[in-house]
Amino acid sequence: MDEMEGRIAVDGAEIYYATRGRGPTCLVLSAIGTEPYKLMTSSPLTDRFQLVYVDLRGGGRSTGDPTDLSFDVLARDLEAIRWELGLERLAVLGHSILGVLALEYGRRCPGSVSHVVAVGTPTVGDMQWMTEQGRLYFDTHASEERKQVLRENFANLPKDASMSESMYAQTPIRFYDAHFDARSLFVDAEVMPALLGHIIGTLTAGWRVAVGARSLQVPTLVAMGRHDYIVPVGLWEDVVDDLPDATLRIFEKSGHQPFFEEPELFAETMARWMA
């Protein structure tokens, strides 16, 4: 199966998915539409895996009330896609805060989730605390050049800058290349503030990976960029040994999205780990 798309009705919503590539199947979760993740996961990954990009309910091309999304509802949505594809087991990849959702799907469905890949994922859902940890890591470890680029980016922002413009100004804390222009990656993003607000403000707000860590029996790959100043790698170094079957991989020339910044190495790392 190369490329296809579909929708499946689950609990009052239609969940949209699109597939690309060949090989073992891995769901790729998205709360901003599937197009940005298609752009960020190029041929090194799709040559090795069949990626199934999934819009969470209430986001992208999926319907439904985003406030209905719980970890149990998420698991039912993803299980319905697995059945639709006719698969006994599959892997799941979640980036940033969506890695929490991938971990919780694996926790709830160990019989049908073969592997969990959490990329740039926080260890807790307290975003205020995470922001402070990122700031401390940046102040301590970022180069002076990187810090200068960040200062200049924010100094050049207009007073009425949009949320998107502010995010692009944060490139030095999000990407290995402090001068990278990320606009082309997100031009087709379908941002649903209600979904993002629910995920960050309600669903994951009190989540901690260390709570109930032993109940996560699915093999887990934690992929972190050395230059990720959103989620510092050191936070995982302190807790990864508490998980029954977790592997931490650090990508030295990546920020918050190593699957995009080091695509060949990421694909090879993921394939070898799953094998």
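These lines cover the structure that appears in this document, whether it is placed above or below. Along each chain, residues carry numbers from 1 onward, in the same order as the chain's sequence is written. With the structure being a predicted model, the display of local features is reserved for residues of pLDDT at least 70 and the display and counting of side-chain atom pairs for 80 or more, all residues being used for whole-chain, interface and lining totals. Side-chain numbers come from the whole structure's heavy atoms, not from hydrogens or water.

### Overview of the overall build of the chain
For the chain, the count of helices and strands is 13 helices and eight strands. A compact globule built from 275 residues should have a C-alpha radius of gyration of about 19 Å, and the chain, at 18 Å, falls within 12% of that. Dimensions of the chain, computed from the C-alpha atoms along their principal axes, are close to 50 × 40 × 35 Å. Only protein chains enter the accessibility calculation, which uses a 1.4 Å probe; a residue is then buried when its area is under 20% of its type maximum, exposed when over 50%, and partly exposed in between. Scored against the burial criterion, the 275 residues of the chain give a buried share of 55%. Every helix listed is a DSSP run of H or I at least four residues long, and every strand listed is a run of E at least two residues long, numbered separately from the N terminus. It is over C-alpha atoms that the radius of gyration is taken, and the globule rule equals 2.2 Å times the number of residues to the power 0.38.

### Looking at helix α4 (residues 98-108)
Of all eleven residues in α4, ten are buried, a share of seventy percent or more. Taken together, the buried positions of α4 are Leu98, Gly99, Val100, Leu101, Ala102, Leu103, Glu104, Tyr105, Gly106 and Arg107.

### Focus: the pairing of strand β4 (residues 50-55)
Counting buried residues in β4 gives six out of six residues, a clear majority hidden from the surface. Of the two faces of β4, the one holding Gln50, Val52 and Val54 and the one holding Leu51, Tyr53 and Asp55 are both buried throughout. By this definition, two strands are paired if DSSP reports at least two bridges between them. Strand direction decides the pairing type here: strand β2 (residues 13-21) and β4, joined by five bridges, are antiparallel. Directly across from Thr19, in β4, lies its bridge partner Val52.

### Quick notes on the packing of aromatic side chains
Within 6.5 Å between ring centres, the rings of Phe, Tyr and Trp (the latter by its six-membered ring) count as paired, and their orientation is classed by plane angle as stacked under 30 degrees, edge-to-face over 60, tilted in between. A complete count under the given rule lists seven aromatic pairs for this structure. Seen from their ring centres, Tyr37 and Phe259 are 6.3 Å apart, and the 50° between their planes marks the pair as tilted. Of this pair, Tyr37 sits in helix α1 (residues 35-40) while Phe259 sits in helix α12 (residues 258-261), and the two are 222 residues apart along the sequence. Phe259 shares its class with Tyr37; the two are buried. Ring centres of Phe175 and Phe180 lie 4.8 Å apart, and the angle between their planes is 45°; this geometry places the pair in the tilted category.

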